Amino acid sequence: MDKWPKDVGILALELYIPSLYVDQAELEDYDGVSSGKYTIGLGQQKMGFCTDREDINSLCLTVVQKLMENYNIKPQDIGRLEVGTETIIDKSKSVKTVLMQLFEPFGVTDIEGVDTTNACYGGTAALINAISWIESSYWNGRYALVVTADIAVYAKGSARPTGGAGSVAMLLGPNAPLVFDRGLRATYVKHAYDFYKPDLTSEYPVVDGKLSIQCYLSALDICYGLYKKKVVEKQNTTVNLNEFDAVIFHTPYCKLVQKSVGRLAFNDFLDNSDNYPELEKFKKVKLEESYFDRDVEKAFVQASKEAFTKKTQPSLLMAAQVGNMYTSSLYGGLVSLLINKKPSELIGNKIVLFSYGSGLAASMFSITVNNNSDSLQNIITNLNDIKTRLEQRQKIEPKKFEASLELRQETSHKAPYEPVSSIDSFFPGTYYLVKVDEMFRRFYNRVPLLTNGYS
Ligand code: ACO
C-alpha cells in the first residue's frame, strides 16, 4: 500500500457557466403550465443556456484555460487530460484533442487520456481513469486534469425545464485537500433505455422521464447498499446518513435530490429501524417496490429534512441557478458546497458523492477533507467570484430562449456555418465559436481577459 502516492484527490477546481439564463417562473408562464411546476415541483430557479456561439469544445477550452491561469499551472505540469461529456459534435475526434491547442504551442504533447461518454456519468468515469493513472506504474509525477462539460437541452415539453449548461475542471494529484477515500467506491451498471441520444443530428435526447427517475433511485439504493458494505469490509464499522457531513448528488433537478436524501434515510431505516422508530409501519416495504410510493416518500423526506438542509442543500446552488449540467452536475455540487462553507467548517468532513448517468452507470464514493487548510482556502478563494458571476448573467425572455434553442437545433451540426449570436454578454476569458468551415473544422476565439484577470 505504501507504494501508492499519499492523499490522492482534488488540488484545484474551476467552473464555467454560460452568461445567459432564462427564469423558470417566466418559463412556467410562457409554457402555459401551472404556476409553481418548475420552481416548486422541480425546485428550479434559473436555467443557463448557450447560443450558437458556444459548443462543447468552447466550454472545455474556457474552463481548462481558466484553471491553468488562475492556479498558475504550466502546460508541462499536466500528464493526463480526460474529458467526460455526452455533448457529441464529432463521432471520431475527441474534445481532448481540441484542448491540445492549449498545450501544443508549449511543445507539450505527451498527455494521456481522451474522452469518455455515458450520459451524465462520463465525467465520473474520466475521474476514475485519472485516479487509476495516478495510482499506477505509468504515473510520472505530473498532474491529471479532468474536464466535465455539457450543454443539456431538451425538445419542447416537460423535460425542457430540466436543462442547463456548464463545465468543471478538476486538477488531481497527491497531497490534496480533497482526498478520495481509497477503496470506497460502489458502482452499478445496467442496460436501460431511460434517456439516450440515438439521433446523432440532434442535441436532444429521447427520454422516458418516469423510467429515468426509477433508474436513478434504484441505482442510488444499490450503490448506497454496496458503499455501506465496503465500509464494513474496509473499516470494520457500519455507516449511515448521520455520519456524513455532506451528501452530494448528480442533480437533474433539485426536488429529486431532496427525495434522494429521503431515500438514503429509508435505506438506513430498512437496515436498522432503530434509526427512525416512529416509522415502524414501513418496515415491510421493499426498496424495489417503493420508487413511487407516496407514503414512503413523504415520511422519509420529512424524517430527513434536517439532514437535507444541513448536508445537501448547500451543494444545490449551481443546480438551482444553472440547471442540470449533465456530467458537470455532481462536480458543480461540490463547487457549490465549497463556496457555501468556510475552510474551518470543512476540515475533516466526510463528503459522499452519488454519480448517475442514464443508460445506465452509477457510482457512490467519498471524499475526506484533509487538514491542508492553505490548499483548501486557495480553492475556495479561487471559486469566490462564482456568486458574483451568477448575478452578472443576463436574463433572456422565454421567447428568445426558445428561438435560441431552435437555432442550435438547426445549426449545431451544420457546415459551413457562421454563428450569428452576440458575444457581448460573455464573461472575459470565454472561448466562442467563430466559424465552422466546409470541412466541418471549427475555429474559436477568446473574449479578452480584464487586465486584473478573468472577471
Ligand atoms: N406547484 C407545485 N408543484 C407542482 C405543480 C405546481 N403548480 N405542478 C406540478 N407539480 C409537481 C408534481 O406534483 C411533481 O411532483 P412529484 O415529483 O413530487 O410527483 C413535479 O412537480 C413534477 O411534475 P410532473 O407532472 O411529474 O412532471 P413531468 O412528468 O411533466 O416532468 C420530469 C418531470 C419527468 C422529471 C421531466 O422534466 C423529465 O423528463 N426530465 C428529464 C429527465 C430527468 O431529468 N430524469 C432524472 C434522472 S436522469 C437525468 O439526469 C437526465
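See the structure printed just above.
In this convention, every chain numbers its residues from 1, walking through the sequence in written order. With pLDDT at 70 or above as the cut-off, local features in this predicted model cover only qualifying residues; side-chain atom pairs require 80 or more to be listed or tallied, and sums for whole chains, interfaces and linings still use all residues. Excluded from the side-chain calculations are hydrogens and water; all other atoms, namely the structure's heavy atoms, are used.

**Section: the packing of aromatic side chains**
Item 1. Between the rings of Phe, Tyr and Trp (Trp by its six-membered ring), a pair exists once the centres lie within 6.5 Å; its type follows the angle of the planes, with under 30 degrees stacked, over 60 edge-to-face, and the other angles tilted. For the structure shown, the criterion picks out 16 aromatic pairs.
Item 2. Pairing Y227 with F244 gives two aromatic rings, centres 6.2 Å apart and planes at 70°, and the pair type is edge-to-face. On the criterion of sequence distance, the pair formed by Y227 in helix α6 (residues 209-235) and F244 in the loop between α6 and β11 (246-249) is long-range, its members being 17 residues apart.
Item 3. Only protein chains enter the calculation, and the probe is 1.4 Å; a residue is then buried if its accessible area is under 20% of its type maximum, exposed if over 50%, and partly exposed in between. What makes Y227 buried here is its relative accessible area of 1%. Runs of H or I in DSSP of at least four residues are treated as helices and runs of E of at least two as strands, each being numbered from the N terminus.

**As for the packing of helix α7 (residues 254-271) against helix α8 (residues 294-303)**
Item 1. Geometry is summarised by axes, namely lines fitted to C-alpha atoms with helices restricted to the contacting stretch, and by angles between N-to-C directions that run from 0 to 180 degrees. Interhelical geometry of α7 versus α8 gives an angle of 95° and a closest axis separation of 8 Å. When the axes of α7 and α8 are compared, the pair comes out roughly perpendicular. The residues of α8 that touch α7, namely those facing Q258, K259, G262, A265, F266 and F269, are R294, V296, E297, F300 and V301.
Item 2. Think of it as three bins: nonpolar holds Ala, Val, Leu, Ile, Met, Phe, Trp, Tyr, Cys and Pro, charged holds Asp, Glu, Lys and Arg, and polar takes everything else, Gly as well. Split into classes, the residues belonging to the contact of α7 with α8 amount to six nonpolar, two polar and three charged. Here the word oblique covers every angle except those under 35 degrees (roughly parallel), over 145 (roughly antiparallel) and from 65 to 115 (roughly perpendicular). Here, two residues are considered to be in contact whenever any of their heavy atoms come within 4.5 Å of each other.

**Here we look at helix α9 (residues 305-312)**
Item 1. Restricting attention to buried positions, one finds in α9 the residues A307, F308, K311 and T312. Along the long axis of α9, the arc covered by the buried residues comes to 100°, so they all point the same way. Every exposed residue of α9 that faces more than 90 degrees away from the buried side is listed here: E306 and K310.
Item 2. Those residues of α9 that are buried are in contact with β11 and α7. Directions drawn from the helix axis to the C-beta atoms are what define this arc.

**So, the packing of helix α1 (residues 24-31) against helix α15 (residues 398-411)**
Item 1. In contact at an axis separation of 9 Å, α1 and α15 are set at 80° when each is read in the N-to-C sense. The angle between the axes of α1 and α15 places the two elements in the roughly perpendicular class. In this structure, α1 uses E26, L27 and Y30 to contact α15, whose residues at the interface are P398, K399, F401 and E402.
Item 2. Tallied by class, residues from the contact of α1 with α15 come to four nonpolar, no polar and three charged.

**Description of the sheet that holds strand β2 (residues 20-23)**
Item 1. Note on pairing: DSSP must find at least two bridges between two strands before they are called paired. An order of β3-β2-β14 is seen for the three strands of this open sheet, with the pairing classed as mixed. Strands at the two margins of the open sheet, each flanked by one partner only, are β3 (46-49) and β14 (394-395).
Item 2. Note: β2 against β14, two bridges, orientation parallel. When the bridges of β14 are listed, Y21 appears paired with K395.
Item 3. Here α1 sits on the sheet and contacts β2, β3 and β14; the angle it forms with β2, its principal contact strand, is near 60°.
Item 4. Running over the sheet, α15 touches β2 and β3 and is turned about 35° from β3.

**So, the nonpolar core**
Item 1. Within the largest apolar cluster, 138 residues are counted, with the highest numbers of intra-cluster contacts made by L13, F103, L172, L241, F300, L338 and F354.
Item 2. The element best represented in this core is α6, accounting for nine residues.
Item 3. A119, C120, A152 and F195 belong to the second largest nonpolar core, which has six residues in total. Put simply, a nonpolar core is a bunch of buried Ala, Val, Leu, Ile, Met, Phe, Trp, Tyr and Cys residues held in one set by side-chain atoms that sit within 4.5 Å of each other.

**Looking at the pairing of β11**
Item 1. Here β11 shows a buried face lined by A246 and I248 and a second buried face lined by V247 and F249.
Item 2. Sheet topology note: the β11/strand β12 (residues 350-357) ladder contains four bridges and is parallel. Its bridge partner being in β12, A246 is matched across the sheet by I351.

**Focus on the environment of A403**
Item 1. With respect to the helices and strands, A403 occurs in helix α15.
Item 2. Looking at A403, the relative accessible area reads 42%, which means it is partly exposed.
Item 3. It is 50 Å that separates the C-alpha atoms of A403 and Y276, two residues lying 127 residues apart in sequence.

**Considering the pattern of salt bridges**
Item 1. When a carboxyl oxygen of Asp or Glu is within 4 Å of a side-chain nitrogen of Lys or Arg, the pair counts as a salt bridge. Inspection of the entire model under this criterion finds 21 salt bridges.
Item 2. When salt bridges with common partners are traced through the structure, they connect D31, K156 and E402 into a single cluster.

**Describing the sheet that holds strand β4 (residues 78-84)**
Item 1. Pairing is mixed in the open sheet, where nine strands are placed in the order β5-β4-β6-β7-β1-β8-β13-β12-β11. For this open sheet the edge positions go to β5 (115-116) and β11, each flanked by a neighbour on one side alone.

**Examining the site of the ligand**
Item 1. A cutoff of 4 Å decides nearness: a residue is near a molecule or strand if any of its heavy atoms lies inside that distance of it. Taken together, 23 residues lie around the ligand, and S34, K37, S212, K259 and R294 are the ones closest in.
Item 2. Side-chain atoms alone can form a polar contact between residues adjacent in sequence; in general such a contact is a pair of N or O atoms within 3.5 Å, and within protein one must be able to donate a hydrogen while the other accepts it. Note that a nitrogen atom of the ligand is positioned 3.2 Å from one of the side-chain N or O atoms of T162.
Item 3. For the ligand, whose accessible area on its own is 1000 Å², the fraction buried by protein is 74%.
Item 4. Listing elements by their share of the shell around the ligand, those giving two or more residues are α2 (37-41) and α6.
Item 5. Here the element with the most residues in the shell around the ligand is α2; it accounts for three residues.
Item 6. Residues that form the shell around the ligand fall into these classes: nine nonpolar, 11 polar and three charged. Methods summary: accessible areas were calculated by the Shrake-Rupley approach with a probe of 1.4 Å, and residue burial reflects only the protein chains presented.

**Some words on the pairing of strand β16 (residues 442-446)**
Item 1. As judged from the five bridges shared by strand β15 (residues 431-436) and β16, these two strands associate in the antiparallel manner. Of the residues in β16, the one forming a bridge with Y432 is N445.
Item 2. Remark: five residues form the turn of the hairpin made by β15 and β16, two consecutive strands paired antiparallel; F440 in that turn has positive phi of roughly 65°.

**Considerations on the environment of N267**
Item 1. Among the secondary structure elements, N267 is positioned in helix α7.
Item 2. Note on N267: relative accessible area 6%, which makes it buried.
Item 3. Counting along the chain gives 46 residues from N267 to D221, while the straight-line C-alpha distance between them is 7.0 Å.
Item 4. When residues no more than four places from it in sequence are discounted, the contact partners of N267 are D221, Y224, K228 and L287.

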